[in-house]
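Coordinates in review
In case you want the letters, here they are:
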Amino acid sequence: MGISDVIPIPAAVDEELEKWTIFGQPVADVWFTTTEKIHQIIEMGPIKNVFNWGRKNSVYFLMQPMGCCGVEMFVFGAAPYDSDRFGCIPRNTPRQTDVMIISGYITRKYLPVFKSLWDQMPEPKWVIAIGECAISGGPFYDSYNIIQNTGDYFPIDVFIPGCPPRPEQFLEGLMNLQEKIKQRKDRRGY
Amino acid sequence: MTTANEVLSSIQSALPGAVLDSRVESERRLWATIDPRKIVDVCKYMRDKLSFDHYSGTAGLDWIAKNEMEVVEIMASHGAHQVVAMLKVRTPRENPSVKSLTGLFWNANWYEREAWEMLGIKFEGHPGLYPLLLPDELVGSWPWRKDFKGYPDLTTGQRAVEIPTSDGYTRYMIPPTTMEIEAGTVPTERPKYPSLREREEMELKSDSEMIMHMGPQHAMVPGPFLLDVLVEGETVKKAFLDLGYIHKGIEKIMENRTWLQGITYTDRMCYVASLSNNECYCGAVEKILGLEVPERAQYIRVILEELSRIQSHLIGTGEFLTLIAGVGYAPWQYMIIDRERIISLIESVTGARLTHTFVRFGGVRNDLPEGFSEKCRSTLKYMESEINEFIELFEQDPIYHLRMDNVGIITPDDAKRMGVSGPPLRATGVAYDIRKEDPILLYPDLDFKVAVGTRGDCADRIDVRLKEMLESIHIIEQCLDRIPAGPIKTEAKIPKKIPAGEAYYRVEDPRGEMGMYVVSDGGDKPYRVKVRGPFYATFQTLPPLLEGVFIADVVAIAGSMDGCPSEADR
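Residues numbered from 1 in each chain as written. Chains lettered and ligands numbered in written order. Predicted model: local features only at pLDDT ≥ 70, side-chain atom pairs only at ≥ 80, totals over all residues.

1. Section: the overall build of chain B
Helices and strands together make up the secondary structure of chain B, namely 21 helices and 17 strands. Rg of the C-alpha trace for chain B: 24 Å, near the compact-globule value of 25 Å for 570 residues, within the 12% margin. The dimensions of chain B, computed from C-alpha atoms along their principal axes, are 65 × 60 × 55 Å. Residue burial in chain B is summarised as follows: out of 570 residues, 52% are buried. (Helix = DSSP H or I, 4+ residues; strand = E, 2+ residues; numbered from the N terminus. Rg over C-alpha atoms; globule rule 2.2 N^0.38 Å. Buried ≥ 20, exposed ≤ 12 C-beta atoms within 10 Å, placed from the backbone.)

2. Comments concerning the domain arrangement of chain B
Residue and element names in this part refer to chain B. With domains assigned, chain B is organised as domain 1 (4–136) and domain 2 (250–569). In this structure, domain 1 and domain 2 have C-alpha centres spaced 27 Å apart. Across the contact, 20 residues belong to domain 1 and 19 residues belong to domain 2. Looking at the side of domain 1 that touches domain 2, the elements with two or more residues in it are strand 3 (54–63), strand 4 (68–76) and strand 5 (84–92). Here the side of domain 1 that touches domain 2 takes six residues from strand 3, the largest share from any one element. For the side of domain 1 that touches domain 2, the per-class residue count stands at ten nonpolar, seven polar and three charged. (Domains from an automatic or database assignment. Contact = placed C-beta atoms within 7 Å. Nonpolar A, V, L, I, M, F, W, Y, C, P; charged D, E, K, R; others polar.)

3. Some words on the nonpolar core
In this structure, Ile 128 of chain A together with Ala 85, Leu 87 and Val 285 of chain B are the most contacted members of the largest nonpolar core, which totals 197 residues. With 13 residues, helix 10 (residues 295–323) of chain B is the largest single contributor of residues to this core. Ignoring sequence-local partners within four residues, the contact set of Ile 128 of chain A consists of Val 99, Ile 101, Asp 157, Val 158, Ile 160, Gly 173 and Leu 177 of chain A. (Core = buried A, V, L, I, M, F, W, Y, C linked by C-beta atoms within 7 Å.)

4. A word on the sheet that holds strand 5 (residues 99–102) of chain A
Taken in spatial order, the five strands line up as 4-3-5-6-7 (chain A) in an open sheet, and their pairing is parallel. Because the sheet does not close on itself, it has two edges, and the strands there are strand 4 (90–91) and strand 7 (156–160) of chain A. (Pairing = 2+ DSSP bridges.)

5. Focus: the packing of helix 9 (residues 274–289) of chain B against helix 10 of chain B
Residue and element names in this part refer to chain B. Closest axis-to-axis distance for the helix 9/helix 10 pair is 8 Å, and the angle between their directions is 140°. Compared by their axis directions, helix 9 and helix 10 come out oblique. Residues Leu 275, Ser 276 and Glu 279 of helix 9 touch helix 10, and the partners they reach there are Arg 301, Leu 304, Glu 305 and Ser 308. By residue class, the composition of the contact of helix 9 with helix 10 is two nonpolar, two polar and three charged. (Axes fitted to C-alpha atoms, helices over the stretch in contact; angles between N-to-C directions. Parallel < 35°, antiparallel > 145°, perpendicular 65-115°, else oblique.)

6. Quick look at the sheet that holds strand 10 (residues 209–214) of chain B
Residues and elements named next belong to chain B. Read from one edge of the open sheet, three strands run 10-11-12, paired in antiparallel fashion. The open sheet is flanked by strand 10 and strand 12 (235–242), the only strands paired with a single partner. Taking the axes of each pair of neighbouring strands and ignoring which way they run, one obtains an average angle of 25° across the sheet. Pairing of strand 10 with strand 11 (residues 226–232) involves six bridges; the strand directions are antiparallel. Its bridge partner lying in strand 11, His 213 is registered against Asp 228.

7. Quick notes on the interface of chain B and chain A
Across the boundary between the two partners, chain B contributes 44 residues, which contact 42 residues of chain A. Sorting elements by how many residues they give to the side of chain B that touches chain A places helix 11 (residues 325–350) of chain B first, with five residues. Classifying every residue of the side of chain B that touches chain A by side-chain character gives 24 nonpolar, 14 polar and six charged.

8. Let's talk about the pairing of strand 3 of chain B
Counting buried residues in strand 3 of chain B gives nine out of ten residues, a clear majority hidden from the surface. In textbook terms, the turn of a hairpin is the stretch between consecutive antiparallel strands, and for strand 3 of chain B and strand 4 of chain B this stretch comprises four residues, one of which, Asn 67 of chain B, has a positive phi near 55°.

9. Some thoughts on the environment of Asp 62 of chain B
Residue and element names in this part refer to chain B. You can see Asp 62 is positioned in strand 3. In the structure, Asp 62 is positioned 84 residues away from Lys 146 in sequence and 6.5 Å away in space, judged by C-alpha atoms. Discounting residues that sit within four places of it in the chain, Asp 62 has contacts with Met 69, Leu 119, Trp 144, Arg 145 and Lys 146.

Shown next, in the form of structure tokens:
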């Protein structure tokens with residue numbers, strides 16, 4: 001299908017346009033294409049860097065306190081450590097967030113709930129695991145009710161060790177995530 | 001004043017033959033083994049005649065060597081006297097069953113449910129033995145029994161099978177380990193009970209009613225729990241609570257760690273009040289050992305516990321004010337800024353922000369740093385002015401009063417009957433504070449008042465917390481004036497194996513009465529640690545309290561209790 005089939009332009013112009021390319025793809029393909037195709041093209045071009053610049057500077061996180069680290073997460077989001085400086089603002093619902101912070105132990109009962117919270121988050125999305133419990137079960141590693149291998153269920157980009165880590169470490173982890181997004185090295189490949 | 005001896009002789013004369021065995025530990029602790037057939041009569045007699053109106057909970061024990069189970073009923077009084085009676089009931093290990101106390105004490109319900117799901121002890125006459133903390137697949141395997149084969153379990157996550165459901169959610173099935181199958185501890189026949197969803201739907205009477213879910217994820221509660229409310233229009237008709245989303249099995253884990261390692265777990269039980277949890281566990285062990293804590297160590301403990309109380313009340317109040325959003329986002333930020341000052345003060349002593357592991361058996365870990373006293377005094381002075389400002393601010397704010405006044409009222413009698421403790425109880429006007437009732441450490445020598453409210457509504461609960469912070473400041477100032485020089489640890493050597501014995505120790509946690517029942521069988525690990533958490537008791541009162549209120553008030557009421565689901569789930 002050519003452009004002249006849709007828009008009334010001279011056939012000569014159409015022929016000329018078919019020779020044009022954008023990032024190695026014929027322009028006509030790009031014009032009459034699916035969202036998926038556009039995404040592929042964005043993926044290849046430098047425009048992606050602009051997108052990721054925007055994404056990395058507005059990583060809203062899900063306020064989801066689950067353990068001791070949850071209390072440190074409160075402080076991290078509040079005035080003394082002020083995560084707002086990095087474009088990282090606490091949100092109360094998963095539907096408005098970009099980053100999920102796993103701030104504690106995941107139990108058998110909470111795992112399906114947690115998965116549905118993750119599913120509710122719109123793309124693009126990232127995960128940060130905070131504290132020993134979220135990484136490997138922590139002090140509760142041998143409990144009958146704790147999931148140790150959180151990394152198998154969620155594509156975790158940044159692990160922040162500590163029991164619980166200090167809010168400064170939260171900030172460092174956040175900056176690491178931003179760097180990863182910028183360099184396109186995150187687990188889900190944005 | 002009634003003493004333990006008088007209580008014992010009164011029971012023996014009124015109900016001859018009911019007490020099989022008894023031990024009077026001190027004036028305030030009575031240990032008695034009761035005939036299982038007469039436990040309800042004994043409790044009824046104690047409640048009606050000896051004013052034991054505070055049912056503090058139940059602990060189940062599995063004596064596998066003696067082939068029997070034991071249920072310990074903890075009974076106390078709301079200020080009439082200071083005796084805590086620990087009534088033991090024994091039952092054979094095969095098909096264990098004891099009589100339920102739910103007919104006498106409303107709040108026995110949850111404690112007995114917990115004992116049933118963890119140890120498999122049936123309570124005859126209990127209205128609904130449903131699981132409370134455990135996920136469905138573990139019910140029937142009785143994880144706290146000594147012969148439970150599912151512990152230690154390092155494969156839970158690897159075994160989980162992901163099952164996508166038709167409505168777009170993911171379910172997980174965690175098949176049992178080979179070890180469990182070989183040992184035959186996998187429940188082949190699960191106890192029959194309706195699920196939470198089915199129980200909720202049974203209550204739906206007409207088309208105009210619907211069920212609203214609040215949780216399990218909630219932004220401003222430091223832990224997940226599910227609160228379902230059945231609403232008709234704007235009015236809540238019934239509320240359902242489901243917890244156990246962060247049930248870690250701390251009590252089971254502590255049985256498998258050494259005595260000293262146990263302290264770290266008490267930290268992580270309620271992480272905003274870890275110092276009082278430390279104190280509670282260490283105090284119980286000291287009681288078994290019969291240790292005396294040096295005076296300086298006692299002062300350090302009191303100073304830090306009171307500092308911890310201030311920071312806990314600050315974050316508790318702050319969280320709550322964000323819940324009723326329009327009123328208090330700014331106070332939350334101010335409270336967190338102030339809390340950081342307290343935290344850094346505690347950190348300068350303990351080296352940690354939240355999980356301190358600072359209190360040790362017979363003392364504390366390290367001494368106060370140089371210049372602590374001056375720094376503390378200046379911070380407290382600042383805090384005092386800040387808290388007075390908060391009190392003034394809330395008094396003036398008309399919106400605050402519209403949202404909070406006469407919302408979620410608990411009457412003093414109801415509060416006592418339901419077993420509430422801490423600020424929610426004191427807000428109703430009952431001056432019940434363990435620091436006065438069952439004093440530990442230096443508290444008898446210190447001068448402080450118990451802050452009480454008058455109406456028992458949400459505003460009063462916040463008011464009591466704010467006033468309590470001022471009292472805490474007053475206590476710390478006295479301690480700083482009087483603190484003597486000297487050792488910070490007892491000179492007695494702490495043995496690795498604690499001699500056999502048992503103790504029940506109570507402290508005033510920021511959230512209320514916290515008690516730990518520690519049993520030793522002479523080994524290097526505790527035989528059993530039972531935690532009687534304050535928020536577990538307060539949590540239980542939420543469903544009846546929420547009946548008949550507006551949806552908008554649900555968060556105000558639930559939040560004003562200063563929740564810590566982690567400590568309830570353990």
